[in-house]
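# Descriptive structure summary
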Amino acid sequence: MKRYLDERQQQEMSRTGTAGFYVIFFLCAVSVIVQLVFLGSGFADVAGETAALLGGGLIYLVRGIRHGLFLTAGRQPGIKESALYSVILSGIFSVLFCIALRGKARPGAAVEPYVGIFFLGMAILCFAVTLILGVCSNYMKARRERQYDEESGS
Amino acid sequence: MKNLKMKVARMEKGLSQIELAAKVGVTRQTIGMIEAGDYNPTLNLCISICRELDKTLDDLFWEGA
């Protein structure tokens, strides 16, 4: 097959694509949050953005993990980092969830228990997912290290 | 850092940037950027360039050579 781009052009296209991906991902996420939390839209209204986020995020994660590259701040997250990120992110999204609930609930309704449950559930889920992804990523990294270990004759 | 050794070797061979680019399968801009020191080529491309210019990797890409 004829190649239309040389190696430099491919590298530049790759960098351009990465930058474009981050911008699209960020804008989609902001769009979903703004619509759900501040504009009172339903889930059906943001189904397109959500599908794009899920699809793009899934490919990013799967490809990263396949190459043993599940990193936060440039390194493999440990248990402490995973717990910290989970609590921070859950806290941020719980605040947004609280705002959305307050906007939809009748005045004076107690939303705190629901927000508390949401925070706890999100934190546990986020922590578990981060840990599992880290373990999978470490496994793939170790497998690659074994595969290309000079002692094994590869 | 500019790669003057590659530029000199190319001129000694009587090749233009376009001709060398066509021989190694890249664009003229890529050759120009390598010579200007604005792009680090892969080892495969370095070897291709060396073969076309009848030079070694040391001759073209090793600073102390």
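Here the residue numbering is sequential within each chain, running from 1 through the sequence in written order. Chain letters and ligand numbers both follow the written order, the letters beginning at A and the numbers at 1. Selection of residues for local features in this predicted model requires a pLDDT of at least 70, selection of side-chain atom pairs for listing and counting requires 80 or more, and totals for whole chains, interfaces and linings are taken over all residues. Hydrogen atoms and water are omitted, and side-chain values are computed over all heavy atoms in the structure.

## With respect to the overall build of chain B
What counts, and what does not: Elements are defined by DSSP. Helices are runs of H or I of four residues or more, strands are runs of E of two residues or more, and each kind is numbered from the N terminus. Just to be clear, the radius of gyration here is over C-alpha atoms, and the globule rule we use is 2.2 Å times residues to the power 0.38. The buried label goes to any residue with under 20% of its type's maximum accessible area, the exposed label to any with over 50%, and the partly exposed label to all in between, with areas taken from a 1.4 Å probe on protein chains only.
A tally of helices and strands in chain B yields five helices and zero strands. Rg of the C-alpha trace for chain B: 10 Å, near the compact-globule value of 11 Å for 65 residues, within the 12% margin. A principal-axis box enclosing the C-alpha atoms of chain B has dimensions of 30 × 20 × 20 Å. Per-residue burial for chain B yields a buried fraction of 37% across its 65 residues.

## A closer look at a positive patch on the surface
All names here are of chain A. Applicable threshold: Only residues above 30% relative accessible area that lack a salt bridge enter a patch, with like-charged residues linked at up to 9 Å and the nonpolar side chains Val, Leu, Ile, Met, Phe, Trp and Tyr linked at up to 5 Å. Each accessible area is a Shrake-Rupley estimate made with a 1.4 Å probe; only the visible protein chains count as cover when residues are assessed. Just to be clear on terms, a salt bridge is a Lys or Arg side-chain nitrogen sitting within 4 Å of an Asp or Glu carboxyl oxygen. Residues scored as charged are limited to Lys and Arg (positive) and Asp and Glu (negative), so that His and the chain ends carry no count. One atom stands in for each charge, and that atom is NZ of Lys, CZ of Arg, CG of Asp or CD of Glu.
The grouping of Arg-63, Arg-66, Arg-143, Arg-144 and Arg-146 at the surface amounts to a positive patch. Elements with a contribution of two residues or more to the positive patch: helix H2 (47–66) and helix H4 (112–147). Broken down by element, the positive patch gets its largest block of residues, three residues, from H4. Take Arg-144: it is sitting in helix H4. You can call Arg-144 partly exposed: its relative accessible area is 38%.

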